[in-house]
Amino acid sequence: MKKSLLLYPIIVGTLICFIGLTLHIGKDWHNDTKSNLLNQSSDQAPFNQQHISDPSPYQIIADQLLIQLNSPFVILLLQILTILIISKLFGFIIIKLGQPSVIGEMIAGIFLGPSLIGYYFPEIFNFLFPKNSFSNLQFLSQVGLVFFMFIIGMELDFEKLKSKAKNALLISHVSIFFPFLLGICMSFILFKEFAPTDVNFTSFALFMGISISITAFPILARILHERKLTKTPLGDLAITCAAIDDVTAWCILAAVIAIVRSSGLESALFTFTVSILFFMIMFYLIRPWIKKMNSRKNSDHNHNKYSVIVVFIILIFSASFTEIIGIHAFFGAFVAGTIMPHHLNIKTLHLEKLEDVSTLVLLPIFFAFTGLRTQINLLNDGHLWITCGWIILVAVIGKFGGSTLISKITGHPWKIALSIGALMNTRGLMELIVLNIGYDLGILSPTLFTIMVIMALFTTMMTGPLLNLINYVIAKKSLL
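Residues numbered from 1 in each chain as written. Predicted model: local features only at pLDDT ≥ 70, side-chain atom pairs only at ≥ 80, totals over all residues. Heavy atoms only, no water.

Colleague: How should the overall build of the protein be read in this particular structure?
Modeller: On a plain count of helices and strands, the protein comes out with 20 helices and 0 strands. Across the 480 residues that make up the protein, the buried fraction comes to 47%. (Helix = DSSP H or I, 4+ residues; strand = E, 2+ residues; numbered from the N terminus. Buried < 20%, exposed > 50% of the residue type's maximum accessible area, 1.4 Å probe, protein only.)

Structure representation (structure tokens):
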């Protein structure tokens, strides 16, 4: 030990000295070569050429730092850092107010966008979010949503849905198709003022219908968990209704996107046919193969690693395929999640790994990107705020009213029926996904996109207070 301590400074010090000597020789050789070249060039230079002084070392360092600070990669890292800090800050505040943390992340996205930071601090906004950086954020948010939809698919257990679907199927489908009808009717009023010039009425009306009828399954599940209602009859019914609602809504949205993107009837039929074949292959060929592959009781590390690689390949292939055929990568990721067997170790191996990365890092980027598109200052007229108000009213009547009424008709007591209505009215993240798809396809104008984002926020935030009000009124009535 002592010998090593003695040899270390001698050997390492000697090597450092030789390195310094070599660099010194190289420097002298370089300076001699450079001076010869400068002498040759000065002989050929004009007589009146002025001597330009070299910049100071501090100026060189400052210029270099400025160049590095404005590089696309550094800007992206600063954007991610800012988004994560602001999202967690707003999430913490909103939890204290009794709302799910995802509401805080949605508000944080609007806060970072042109509506607030961009309006009051344009220099900071333009530095952090230059227009040429939006594509990088969009790609990251898309990757996050692909992972998130895969997680949502994995959390759906079709075996459980089958056993509970009889009671929930009618409630769920009425809670979709009634607001969908209201959204289409609403389009007759909105189309002339808010639809882009190159969008036809059918595409606009279908997107308004799906925008009004969506339910946020993850937020609903989180609300039930926070209120300890998961194992109650209300929780079971609400989760089943929301799950069926999600599956149905995504299928409708896939059909709507296929119609919007198709150039004619033949193109739409091709997309539908290929989509059906894709779903059949995933459920009847890939799913049994995954089940067989993981049925071996093998806890070997290499086997688990192989399983993770295979699942990721299926996820990326499925998302890529649905994007190529003209529906959306989200649907492919969702389908890939639904075919993963629940009783094997697939969920344990993948869900926690993906969920942390998706929900904690990538989803806040999606909310921020949505906020960058939301321009509340576009609603600069009283008429637009009135329009926003009655759109929110129609959305609440469609989901809350429709779900409550059909729940009561099917024999549930008022407390259950009203609570189901309040929970199904939750839109949240799923609504933002639909709105961003509509915006990307050019169906929603910036003004209507902003109005619909406000509607999504309002209807999601009202869920908790509405449940509290229902419990209070029913409890007070029972006491009387």
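Colleague: Can you help me understand helix H3 (residues 72-96) in this one?
Modeller: Within an α-helix, residues lying three or four positions from one another point in the same direction, as the helix has 3.6 residues per turn. Between the first and last C-alpha of H3 there are 36 Å, a value that for 25 residues agrees with the 36 Å anticipated at 1.5 Å per step. Of all the positions in H3, only Ile75, Leu76, Gln79, Ile80, Thr82, Ile83, Ile86, Ser87, Phe90, Gly91 and Ile94 are classed as buried. Looking one or two residues past H3, glycine 98 carries a phi angle of roughly 85 degrees, positive in sign. (Expected span 1.5 Å × (residues − 1).)

Colleague: What should I look at first to understand the pattern of salt bridges in this one?
Modeller: Two side chains that carry opposite charge are able to pair once their charged atoms sit near each other. Counted according to the given criterion, the structure contains 3 salt bridges. Across the pair lysine 88 and glutamate 105 runs a salt bridge whose closest N-O atoms are separated by 3.2 Å. Taken together, the positions of lysine 88 in helix H3 and glutamate 105 in helix H4 (residues 101-112) put the pair 17 residues apart, joining distant regions of the chain. Judged by its relative accessible area of 9%, glutamate 105 falls in the buried class. Here arginine 373 and aspartate 440 are joined by a salt bridge, their closest N and O atoms 2.3 Å apart. Of this pair, arginine 373 sits in helix H15 (residues 346-373) while aspartate 440 sits in helix H18 (residues 428-440), placing them 67 residues apart in sequence. For arginine 373, a relative accessible area of 10% corresponds to the buried category. (Salt bridge = Lys/Arg side-chain N within 4 Å of Asp/Glu carboxyl O.)

Colleague: Hey, could you run me through the side chain of threonine 374 in this one?
Modeller: With respect to the element layout, threonine 374 can be found in the loop between H15 and helix H16 (382-409). Residues within four places of threonine 374 in sequence aside, it is in contact with Ile110, Pro114, Ser115, Phe449, Thr450 and Val453. (Contact = heavy atoms within 4.5 Å.)

Colleague: Is there a simple way to think about the side chain of glutamine 79 in this case?
Modeller: Tracing the backbone through its elements, the reader meets glutamine 79 in helix H3. Among the residues examined, glutamine 79 registers a relative accessible area of 0% and is labelled buried. One polar contact links glutamine 79 to serine 133, side chain to side chain, over a distance of 2.8 Å. Apart from the residues lying within four places of it in its own chain, the contact partners of glutamine 79 are Leu128, Phe129, Pro130, Ser133 and Leu137. (Polar contact = N/O pair within 3.5 Å; in protein donor to acceptor, adjacent residues only side chain to side chain.)

Colleague: What exactly am I supposed to notice about the packing of aromatic side chains here?
Modeller: Given two aromatic rings, one states the distance between the centres and the angle between the planes to describe the pair. If you walk through the whole model with that rule in mind, you get 12 aromatic pairs. Here the aromatic cluster, defined as three or more aromatic residues joined through ring pairs, consists of Phe188, Phe191, Phe201 and Phe204. (Phe/Tyr/Trp six-rings, centres within 6.5 Å; stacked < 30°, edge-to-face > 60°.)

Colleague: When you look at the nonpolar core in this model, what are you seeing that I'm missing?
Modeller: Soluble globular proteins tend to bury their nonpolar side chains together. One finds Phe150, Phe207, Trp250, Leu253, Ile433 and Leu448 to be the most contacted residues of the largest nonpolar core, which totals 131 residues. Of all the elements, helix H11 (residues 233-261) adds the most residues to this core, at 16 residues. When residues no more than four places from it in sequence are discounted, the contact partners of isoleucine 433 are Leu145, Met149, Trp250, Phe330 and Phe366. (Core = buried A, V, L, I, M, F, W, Y, C linked by side-chain atoms within 4.5 Å.)

Colleague: How should I be thinking about the packing of H3 against H4 in this particular structure?
Modeller: The axes of two packed helices give the description: the angle between them and the distance between them. Contact geometry for H3 and H4: axes closest at 7 Å, N-to-C directions at 130 degrees. Between H3 and H4, the crossing angle belongs to the class labelled oblique. Regarding H3 and H4, the two cross each other, and that crossing is right-handed. Residues Thr82, Ile83, Ile86, Ser87, Lys88, Phe90, Gly91, Ile94 and Ile95 of H3 form the contact with H4, whose participating residues are Ser101, Ile103, Gly104, Glu105, Ile107, Ala108, Phe111 and Leu112. Of the residues contributing to the contact of H3 with H4, the split by class is 10 nonpolar, 5 polar and 2 charged. (Axes fitted to C-alpha atoms, helices over the stretch in contact; angles between N-to-C directions. Parallel < 35°, antiparallel > 145°, perpendicular 65-115°, else oblique. Left-handed = near helix turned anticlockwise from the far one by under 90°. Nonpolar A, V, L, I, M, F, W, Y, C, P; charged D, E, K, R; others polar.)

Colleague: Explanation requested: the environment of valine 256 in the structure shown.
Modeller: When you line up the elements, valine 256 lands in helix H11. Owing to a relative accessible area of 3%, valine 256 belongs among the buried residues under this scheme. Through-space distance from the C-alpha of valine 256 to that of isoleucine 210 is 8.6 Å; in sequence the pair is 46 residues apart.

Colleague: It is not clear to me how a nonpolar patch on the surface should be interpreted in this structure. Could you clarify?
Modeller: Residues Leu6, Leu7, Tyr8, Ile10, Ile11, Val12, Leu15 and Ile16 make up a contiguous nonpolar surface patch of about 790 Å² in total accessible area. By the secondary structure assignment, leucine 15 is in helix H1 (residues 2-44). Exposure remark for leucine 15: the relative accessible area of 51% places this residue in the exposed category. (Patch = residues over 30% accessible without salt bridge, like charges linked within 9 Å, V, L, I, M, F, W, Y side chains within 5 Å. Areas by Shrake-Rupley, 256 points an atom, 1.4 Å probe, with all protein chains shown as cover.)

Colleague: Before we go on, may I ask you to explain the environment of phenylalanine 139 in this structure?
Modeller: Among the structural elements, phenylalanine 139 can be located in helix H7 (residues 134-155). Exposure remark for phenylalanine 139: the relative accessible area of 56% places this residue in the exposed category. Residues phenylalanine 139 and phenylalanine 366, 227 residues apart in the sequence, show an inter-C-alpha distance of 9.4 Å.

Colleague: Whenever I open this one, the environment of threonine 463 confuses me. Can you help?
Modeller: Locating threonine 463 in the fold gives a position in helix H20 (residues 463-479). The buried category is assigned to threonine 463, whose relative accessible area is 1%. A sequence separation of 240 residues divides threonine 463 from isoleucine 223, and the C-alpha atoms of the two residues are 8.8 Å apart. Each residue touching threonine 463, except ones within four places of it in the same chain, is listed here: Ile223, Ala422, Leu423 and Thr426. Among the polar contacts listed, one links the side chain of threonine 463 to the backbone oxygen of threonine 459, at a separation of 3.3 Å.

Take it as geometry only, folks, not as evidence of what the structure does.
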